[in-house]
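# Survey of secondary and tertiary structure
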Amino acid sequence: MHAVSLNRRHFLLGAAAGMSALAMRPGLSYAVEGDTLVVRGASDIEVLDPAFQNGLLEEEIGRCLFVSLNRLDDVRSGAANWTLYGASELNQKSPTEIEFKLNDWLEWTGDFGPVTAEDVKFSFERVANPENKSAWAYAFDALDKVEVTGERSGIIHLKAPSAPFFVTTLPYYMGHIVCKKAVEAAGGKFTTEAPATAGPYIIEKWVPKQNITLAPNPKWKGPAPTFPKVRFEIVTDDDSAALAYESKSLQYTKISLNTLANYREKLPADTELIEMNGNRFVWLAINLGNPKFADEKVRRALQYALDVNQIMDGSYSGLAAPATGVVPPSMIGHREAILFPADAAKAQALLEEAGVSDLKIELAAQNDKTSQLTCQIIQAVFGAVGVTVDIKTYDDGVYWTLGDKSSGDTYKTLEMVLMSFAGGVDPSENLTWFRPSQIGVYNWSQFDSPEFEQLYLDGMKETDKDKRSVIYKKMQDIMEQSGGFIFLTHETFAAVVRKGLKPCIMADGYLDVTRFGKS
């Protein structure tokens, strides 16, 4: 099959236009030197409530407003390394008991008093409660209850041992502690106005779709962040963000791989380049519930038809590698190869056996430049085996409703979707989204495998790394054999930062700006 001749140059004009709009914002000619840290926000905020947030900038803002019992270190120092944060003590008392004691200086904003063990109990059990329908409830599957033993002390009781609990649940957004009194007074949940916070920052100003400014929390008595103020400039497109950085509108930003290729040749002045293997995984979801894909031969034909290397060259400038599953090379459970490698002849033969000669597929995707280009390559490659692809792109707000059953029945009629998720520090985080309970939430393939679910539960309890690895490899085999998935890549992570600035980057590529420093 001939390579598809597409590349990112088609989109540079659009990126420049986006940068022109950014430059027109008041006070955004140059990033402030000194006490204000100015970084890129890749999205706007919609929900800051840890139980219901969507991710992206909400995760980064959440780390500034709330505390967790522990927190992960910069991924470059070891993805699974953690230190105490809201807790002064956090100990594994037994395989199913975790004792904690909160720092005695933690206080809520407003008149809500000290942060208590009752707040921890409320926060964790609130996310875990099925009635609240939190998308993050999976992280507390192992939770039985939180026992309050004192004003600031308690015991987390687990139903069964959980190998990744300390690194996948406690330090992430679902483990952020909220104020019971304040949240209940607000009606049980909140969106962009937190009724009380206890982290080192508070929101000083929010200009929707432009920026968010954080100021010091006067009630914070913990270690002071290096930067008294932080401003997130909202730039959704990677190429536009690079242009904003070059104009000195930002001090740090994640960049596209096209920009990485250019910056390898010549960096902007006073800049350091950060490049590392990433955990954000990208795949094609094929809706197993759609009648178009009822025949396994059709699904298998689509898997054989797509030469992922062409996407790596065209969308990622040759700087990313094809994925073998949802678990990246750096983790236990990584597979060495996929089961159905590209073979156009096999794809065409299977379509003929299925009696399909005019298959038309609607491909849904986000409207960022990398996604658009990837869709165009998929369209061309599938076209070579007689499959017509109609591309439908959406902005973030609409896109994430497509497979959400709470937004209607669209999730039932989806055909194919280009998807990407930020991975974590444990394979269970990358695999949990494909459990039966996630159908109509984030499992847009409607992949429903009891065997997969049981293996997931087995993996959570298993503490032997080699045995866990076997479990997670098998789970990815089951996913691929279903025909509901075509694995594309784990995106290489690339960012630029001003010399003299020390960023703190999490395993999922998001930031902890509370721990940015100066070198």
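Parameters at a glance
- Residues numbered from 1 in each chain as written.
- Predicted model: local features only at pLDDT ≥ 70, side-chain atom pairs only at ≥ 80, totals over all residues.
- Heavy atoms only, no water.
- Buried < 20%, exposed > 50% of the residue type's maximum accessible area, 1.4 Å probe, protein only.
- Helix = DSSP H or I, 4+ residues; strand = E, 2+ residues; numbered from the N terminus.
- Polar contact = N/O pair within 3.5 Å; in protein donor to acceptor, adjacent residues only side chain to side chain.
- Pairing = 2+ DSSP bridges.
- Axes fitted to C-alpha atoms, helices over the stretch in contact; angles between N-to-C directions.
- Contact = heavy atoms within 4.5 Å.
- Parallel < 35°, antiparallel > 145°, perpendicular 65-115°, else oblique.
- Left-handed = near helix turned anticlockwise from the far one by under 90°.
- Nonpolar A, V, L, I, M, F, W, Y, C, P; charged D, E, K, R; others polar.
- pLDDT = per-residue confidence, 0-100.

Owing to its 3.6 residues per turn, the α-helix brings residues three or four apart onto one side. Burial within helix H6 (residues 238-246) is extensive, with seven of its nine residues counted as buried. Among the residues of H6, those classed as buried are Asp238, Asp239, Ser240, Ala241, Ala242, Ala244 and Tyr245. Taking the backbone nitrogen of aspartate 239 as reference, a side-chain oxygen 3.1 Å away marks aspartate 237 as the first, capping residue of H6. Looking one or two residues past H6, lysine 248 carries a phi angle of roughly 70°, positive in sign.

The subject of this paragraph is the sheet that holds strand E14 (residues 360-366). Across the sheet, five strands lie side by side as E15-E14-E16-E13-E17; this open sheet has mixed pairing. If you trace the sheet from one side to the other, it starts and ends with strand E15 (388-394) and strand E17 (485-490), each paired once. Strand after strand, the sheet turns through a mean of 25° between neighbouring axes, direction not considered. Alignment of strand E13 (residues 281-286) against strand E16 (residues 416-421), held across six bridges, turns out to be antiparallel. Looking at the pairing, tryptophan 283 lines up with methionine 419 of E16. Strands E13, E14, E15, E16 and E17 of the sheet are contacted by helix H11 (residues 369-383), whose axis makes an angle of about 170° with E15.

It is at 8 Å that the axes of helix H8 (residues 296-305) and helix H10 (residues 344-353) come closest, and there the two elements cross at 160°. In this view, H8 runs roughly antiparallel relative to H10, as classed from their interaxial angle. By crossing handedness, the relation of H8 to H10 is classed as left-handed. Residues Lys297, Arg300, Ala301, Tyr304 and Ala305 of H8 lie in contact with H10, whose contacting residues are Ala344, Lys346, Ala347, Leu350, Leu351 and Glu353. Split into classes, the residues belonging to the contact of H8 with H10 amount to seven nonpolar, no polar and four charged.

Taken residue by residue, the chain gives an average pLDDT of 92. The fraction at 70 or more is 93%. Between residues 1-21, whose pLDDT stays under 50, and residues either more than four places distant or in other chains, the model counts 45 contacts. This stretch, residues 23-32, has a pLDDT under 50; its non-local contacts, to residues over four places away or in other chains, come to 24 contacts.

Moving on to the packing of helix H9 (residues 308-315) against H11. Contact geometry of H9 with H11 gives a least axis separation of 10 Å together with a crossing angle of 140°. By the angle between their axes, H9 is oblique relative to H11. H9 and H11 meet at a crossing whose hand is right-handed. For the pair formed by H9 and H11, the contact residues are Gln310, Ile311, Gly314 and Ser315 on the first element and Thr370, Leu373, Thr374, Ile377, Ile378 and Val381 on the second. Its residues assigned to classes, the contact of H9 with H11 shows five nonpolar, five polar and no charged.

Here we come to the sheet that holds strand E6 (residues 143-150). With antiparallel pairing, four strands are arranged side by side in an open sheet as E4-E5-E7-E6. Every other strand in the sheet has two partners, leaving strand E4 (87-94) and E6 as the edge strands with one partner each. Each strand of the sheet is rotated relative to its neighbour by a mean of 20°, with strand direction disregarded. Bridge analysis of E4 against strand E5 (residues 97-102) gives six bridges, and the strand direction is antiparallel. Bridge pairing in E5 links alanine 87 to leucine 102. Set on the sheet, helix H3 (residues 117-128) makes contact with E5, E6 and strand E7 (153-158); between it and E6 the angle comes to about 170°.

This brings us to the pairing of E6. Alignment of E6 against E7, held across six bridges, turns out to be antiparallel. Each residue of the ladder has a partner; that of valine 146, found in E7, is isoleucine 156.

With that out of the way, let us pick up the environment of serine 317. Within the element layout of this structure, serine 317 appears in the loop between H9 and H10. Residues serine 317 and serine 256, spaced 61 residues apart in sequence, show a C-alpha to C-alpha distance of 9.5 Å.

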